[in-house]
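Here is how the chains run, residue by residue.
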Amino acid sequence: MKLWPFSKKVQALSQELRGELSKTFGVVAEDAAKMRYVSKRGRLGTGNVNRVCIFNPAVLSAPELAAANYQNVAALKNGLLFTGHIMKGPETSKMNLVILYDKRAV
């Protein structure tokens, strides 16, 4: 059983990621539906987080997409759109805290 590096395969954006992209960056639902993300577990301060890289799979070559994991996507220059993390919210809330940073070319 593989226990490290706790990374997940390429996934469609979750509802909370789509909501944050829409609220903070004005990304429309049609554009968000085309995006994908990879994640890995990490730590931020004293808390556990899931680090995420959101990217556009259409601009990646087949070998790049086949090898897509958090480290490979984070190193991309052309397909990387956003990076950030998801932190579990307080016990009194069912909402997670999503922090994203815009990595799109200006």
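Residues numbered from 1 in each chain as written. Predicted model: local features only at pLDDT ≥ 70, side-chain atom pairs only at ≥ 80, totals over all residues. Heavy atoms only, no water.

1. Regarding the environment of Ala 29
Mapped onto the elements of the fold, Ala 29 is located in helix H2 (residues 29-34). In this structure Ala 29 comes out as exposed when scored by relative accessible area, which is 58%. The spacing of Ala 29 and Arg 18 is 11 residues in sequence and 7.4 Å in space, taken between C-alpha atoms. (Helix = DSSP H or I, 4+ residues; strand = E, 2+ residues; numbered from the N terminus. Buried < 20%, exposed > 50% of the residue type's maximum accessible area, 1.4 Å probe, protein only.)

2. Observations regarding the environment of Val 59
As for its position among the elements, Val 59 is in the loop between strand E3 (47-55) and helix H3 (62-66). Residues Val 59 and Gly 79, spaced 20 residues apart in sequence, show a C-alpha to C-alpha distance of 5.9 Å. Excluding its chain neighbours within four sequence positions, the residues that come into contact with Val 59 are Glu 64, Asn 78 and Gly 79. (Contact = heavy atoms within 4.5 Å.)

3. Here we look at the pairing of strand E2 (residues 36-44)
The pairing of strand E1 (residues 11-12) with E2 spans two bridges and is classified as antiparallel. Looking at the pairing, Gln 11 lines up with Tyr 37 of E2. Here nine bridges tie E2 to E3, and the two strands are oriented antiparallel to one another. Counted as the bridge partner of Lys 40 is Arg 51 from E3. In sequence, E2 turns back onto E3 through a hairpin of two residues, with Gly 45 there showing a positive phi of about 65°. (Pairing = 2+ DSSP bridges.)

4. Here's the deal with the nonpolar core
Within the largest apolar cluster, 14 residues are counted, with the highest numbers of intra-cluster contacts made by Leu 13, Leu 17, Leu 21, Met 35, Ile 54, Phe 82 and Leu 100. Among the elements of the structure, helix H1 (15-25), E3, strand E4 (80-87) and strand E5 (97-102) are those that each provide at least two residues to this core. Considering every element that reaches this core, the biggest residue donor is E4, with three residues. For Leu 21, the residues in contact, after removing those within four places along its chain, are Leu 13, Gly 26, Val 27, Met 35, Ile 54, Phe 82 and Leu 100. Within the second largest apolar cluster, nine residues are counted, among which are Val 38, Cys 53, Ala 68 and Val 73. (Core = buried A, V, L, I, M, F, W, Y, C linked by side-chain atoms within 4.5 Å.)

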